[in-house]
Amino acid sequence: MRTLFFIFLTTLAIFPPQGTSQIKKVEGIFLGRVEDGYSFCGKTTMGMEEIVVFDEILSVILEKYPLHEDKHIGGNFIISFMENERVWEDGSEKTLTVIRLQKLMPGQHLQE
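Bear in mind the structure is a predicted one, so any value in this text is a computation, not a measurement. (Residues numbered from 1 in each chain as written. Predicted model: local features only at pLDDT ≥ 70, side-chain atom pairs only at ≥ 80, totals over all residues. Heavy atoms only, no water.)

**Structural notes on the pairing of strand E6 (residues 91–103)**
In step 1: Here strand E4 (residues 56–57) runs beside E6; their pairing, made up of two bridges, is parallel. Directly across from Glu-56, in E6, lies its bridge partner Thr-97.
In step 2: Between strand E5 (residues 76–88) and E6, which follow one another and run antiparallel, lie two residues. (Pairing = 2+ DSSP bridges. Helix = DSSP H or I, 4+ residues; strand = E, 2+ residues; numbered from the N terminus.)

The structure is reproduced here in structure tokens:
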């Protein structure tokens, strides 16, 4: 039993928990591809505009909306994404991954 407990503790030390993941949804206008990812301008809950750069977008989304093409710049989207925080002994890293993208028609907005 002690051996099993030791193996469990060793596993935790080698593979620390990867932090938390949350699915969030925001409405945003696609600004274009940037060095670190994909840039969107969205509104905060207080009505202020904020630029958000998403690190990754699922490949199935990029097949439907090839965001590397200029034709999607200025498009209004509902963006569902996961915020992942990976924690290591020497620090942490936060990544934003788009898991769903829905193009909005003119005048259409995210319904909360």
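**Considering a negative patch on the surface**
In step 1: Residues Glu-35, Asp-36, Asp-55, Glu-56 and Glu-93 make up a contiguous surface patch of negative charge.
In step 2: Residue position: Asp-55 is located in the loop between strand E3 (49–54) and E4. (Patch = residues over 30% accessible without salt bridge, like charges linked within 9 Å, V, L, I, M, F, W, Y side chains within 5 Å. Areas by Shrake-Rupley, 256 points an atom, 1.4 Å probe, with all protein chains shown as cover. Salt bridge = Lys/Arg side-chain N within 4 Å of Asp/Glu carboxyl O. Lys, Arg positive; Asp, Glu negative; His and termini not counted. Charge placed at Lys NZ, Arg CZ, Asp CG, Glu CD.)

**Thoughts on the nonpolar core**
In step 1: Phe-40, Phe-54, Leu-67, Phe-77, Ile-79, Val-98 and Leu-101 are the most contacted members of the largest nonpolar core, which has 14 residues in total.
In step 2: Counting only elements with at least two residues in this core, the list comes to strand E2 (37–43), E5 and E6.
In step 3: In this view, Leu-67 contacts Phe-30, Tyr-38, Phe-40, Ile-57, Leu-62, His-72 and Leu-101; residues no more than four positions away in its chain are not counted. (Core = buried A, V, L, I, M, F, W, Y, C linked by side-chain atoms within 4.5 Å. Buried < 20%, exposed > 50% of the residue type's maximum accessible area, 1.4 Å probe, protein only. Contact = heavy atoms within 4.5 Å.)

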